[in-house]
Amino acid sequence: MNPKYSPMFEQVSLPSGITLKNRIVLAPMTHMSSNPDGTVSDAELDYYARRTGGAGMSVTAVTHVTPNGIGFPAQFGSYDDSFIPGLKRLADTIKQQGSKAVLQIFHAGRLTPEQAVPAGQVAAPSAVASERPGSPVPRELSDDEITSIIKDFGEATRRAIEAGFDGVEIHGANGYLIQQFFSPHSNRREDRWGGSIEKRLTFPLAVVDEVQKAVATHTKLPFIVGYRFSPEEPETPGLTMEETYALVDALKDKNLDYLHVSVNEFWSKPRRGEADTRSRIEFILDRVGGRLPVIGVGSIHTADEAAEALQSGVPLLAIGRELIIEPDWVEKIESGREEDIETILTKSDQERLVIPDGLWNAIIHTPGWFPMADDK
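Residues numbered from 1 in each chain as written. Predicted model: local features only at pLDDT ≥ 70, side-chain atom pairs only at ≥ 80, totals over all residues. Heavy atoms only, no water.

The name recorded for the protein in an unreviewed UniProt entry is NADH-dependent flavin oxidoreductase, from Paenibacillus xylanivorans.

Next comes the structure, spelled out in structure tokens:
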């Protein structure tokens, strides 16, 4: 192995006591390939088996904790004990080659597709539609519904424990329900769940507390609890870096194992609110102050790009699209074959790379999402 890449392969000890074999994380990537009944499919298991051997930790595609919290077609669920056998197969598949298996859990809120739930069941903190084209106006959740959803996050965590996962990642990013409660765009409530920034933090922190409670109740073994967040929103009103700092400050005191920053480009700059030219990840690392590990992510393809990203001081680096293109990315760097890493897909790659139909169709029909070349 080239010595300049050796930092990638240092072990990382998480606050819970779990040690990761290296600094590389398989990022959560939606693949829309579950069975029609919401259980984990064989195609998904094959997909994970092919690309989790090298990573120190692998975060699954997101799973919904309530029936009406689904966010995508063909998404697997975690809202009932009947899902535990399939979840166990998924955990076992990821752990087989030494990667820690982390189940990402969420509720899509106002981003739930209308056709995926019964009429009137797209629900959110407030009756405010997303600015994404064609978005419905959601129904405002009642107080009782909110407390029930919080408990659902705890129950999904229990199921993850029973299925043998090493941890869960709370998906508080990408405009889904947890972020919707924190955002001034989507949360216009005037009760205990909204208003001031402190009240808008109530739901996210209650979810963290409920997940931590489930861990304490259902396992004596070390168990990872991470939290993913988006540092800003493009909307006005929308989340700013200053509000993100308030979230980070609150999460630092929650005994989490890591914070996972969700951005498309690792070195992306703040949209507004900061005068200097550092990247979001650098601002966030400063704010965290070494209290817990931070996972950086975003358009990392080559070994040199990964090495440069780690020089920012980020302890963990998540690789998403590149591990779809090159399942042996970690192994090739570790064995000194970084020059053999593929960074472009061709239209004949699906079978060779063990990419499920749902994900492959999304890749083919989403221009610019993946670098594509003509068939070789």
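So, next bit.
The number of helices and strands found in the protein is 13 helices and 15 strands. Taking 2.2 N^0.38 as the reference for a compact globule, 376 residues should give roughly 21 Å; the C-alpha atoms of the protein span a radius of gyration of 20 Å, in line with that estimate. In terms of principal-axis extent, the alpha carbons of the protein reach across some 55 × 50 × 45 Å. Counting across all 376 residues of the protein, residues that qualify as buried make up 58%. In the protein, of all internal contacts separated by at least 6 residues, the share reaching a separation of at least 24 is 70%. Summing over all exposed atoms, the protein offers an accessible surface of approximately 15,000 Å²; the carbon and sulfur share of this is 48%. Side-chain charges in the protein split into 38 positive and 54 negative, and the spacing between the mean points of these groups amounts to 3 Å. (Helix = DSSP H or I, 4+ residues; strand = E, 2+ residues; numbered from the N terminus. Rg over C-alpha atoms; globule rule 2.2 N^0.38 Å. Buried < 20%, exposed > 50% of the residue type's maximum accessible area, 1.4 Å probe, protein only. Contact = heavy atoms within 4.5 Å. Areas by Shrake-Rupley, 256 points an atom, 1.4 Å probe, with all protein chains shown as cover. Lys, Arg positive; Asp, Glu negative; His and termini not counted. Charge placed at Lys NZ, Arg CZ, Asp CG, Glu CD.)

For helix α13 (residues 357–364), the set of buried residues is Gly358, Leu359, Trp360, Ala362 and Ile363. Those residues of α13 that are buried lie in contact with α1 (42–51), α10 (321–325), β14 (345–346), α12 (350–353) and β15 (372–373).

In this section: the layout of surface pockets. Over the atoms, a rolled probe matching the size of one water molecule traces out where space is still vacant. Empty space within the largest pocket amounts to approximately 1,300 Å³. Together, 47 residues line the largest pocket, and Arg132, Asn174, Arg228, Ser262 and Asn264 are the ones closest to its centre. For the lining of the largest pocket, the class distribution of residues is 19 nonpolar, 18 polar and 10 charged. Considered as a void within the structure, the second largest pocket measures approximately 220 Å³ in volume. Across the lining of the second largest pocket, the residue classes break down as six nonpolar, five polar and three charged. (1 Å grid on protein atoms, 1.4 Å probe; cavity = no way out; pocket = protein on both sides within 12 Å on 5 of 7 lines; lining within 4 Å. Points joined across faces, edges and corners; volume = space filled by probe spheres on them. Nonpolar A, V, L, I, M, F, W, Y, C, P; charged D, E, K, R; others polar.)

It is worth spelling out the packing of α1 against helix α2 (residues 84–95) at this point. Across the interface, α1 lies against α2 with an axial gap of 9 Å and an inter-helix angle of 20°. Classed by the angle they form, the pair α1 and α2 counts as roughly parallel. The hand of the α1/α2 crossing is right-handed. Only Arg89, Leu90, Thr93 and Ile94 of α2 make contact with α1, whose side of the interface consists of Asp42, Leu45, Tyr48 and Ala49. Residue composition of the contact of α1 with α2, by class: five nonpolar, one polar and two charged. (Axes fitted to C-alpha atoms, helices over the stretch in contact; angles between N-to-C directions. Parallel < 35°, antiparallel > 145°, perpendicular 65-115°, else oblique. Left-handed = near helix turned anticlockwise from the far one by under 90°.)

Tallied over the full model, the rule gives nine aromatic pairs. Where Phe181 meets Trp193, the ring centres are 6.5 Å apart and the plane angle is 70°; that geometry is what we call edge-to-face. With Phe181 in helix α4 (residues 177–182) and Trp193 in the loop between α4 and α5 (197–200), this residue pair connects regions lying 12 residues apart in the sequence. The class for Phe181 is buried, based on a relative accessible area of 0%. Looking at Trp193, the relative accessible area reads 3%, which means it is buried. Taken together through their ring pairs, the aromatic side chains of Phe72, Phe106 and Tyr176 make up a single cluster. (Phe/Tyr/Trp six-rings, centres within 6.5 Å; stacked < 30°, edge-to-face > 60°.)

Attention now goes to α2. The α-helix winds at 3.6 residues per turn, so residues separated by three or four positions along the chain end up facing the same way. Compared with an ideal rise of 1.5 Å per residue, which puts 12 residues at 16 Å, α2 spans 16 Å between its outermost C-alpha atoms and is within 8% of the ideal. Taken together, the buried positions of α2 are occupied by Ile84, Gly86, Leu87, Leu90, Ala91, Thr93 and Ile94. (Expected span 1.5 Å × (residues − 1).)

All right, on to the side chain of His260 then. The topology assignment puts His260 in strand β11 (residues 258–261). Relative accessible area serves as the criterion here: at 0%, His260 is assigned to the buried category. If near-sequence neighbours (up to four positions away) are discounted, His260 is found in contact with Pro28, Glu169, Tyr227, Arg228, Phe229, Ile295, Val297 and Ala318.

The omega angle of the peptide bond from Thr236 to Pro237 is -5°, so this bond is cis rather than trans. Structurally, Pro237 can be placed in the loop between β10 (224–229) and α7 (241–251). The phi dihedral of Met32 falls on the positive side, at around 50°, and the residue is not glycine. One non-glycine residue with positive phi stands out, namely Val354, at about 55°. Looking at the secondary structure, you find Val354 in the loop between α12 and α13.

This next bit is on the pattern of salt bridges. All chains considered together, the criterion is met by 23 salt bridges. Of the charged contacts, one joins Arg89 and Asp42 as a salt bridge, the two residues approaching to 2.6 Å between their closest N and O atoms. In this pair, Arg89 is assigned in helix α2 and Asp42 in helix α1, connecting sequence segments 47 residues apart. Of the charged contacts in the structure, one is a salt bridge between Asp92 and Lys88, with a shortest N-O distance of 2.8 Å. Here Asp92 pairs with Lys88, and both are found in helix α2, just four residues apart, close to one helical turn. Note on Asp92: relative accessible area 37%, which makes it partly exposed. Overall, Lys88 belongs to the partly exposed group, its relative accessible area being 40%. (Salt bridge = Lys/Arg side-chain N within 4 Å of Asp/Glu carboxyl O.)

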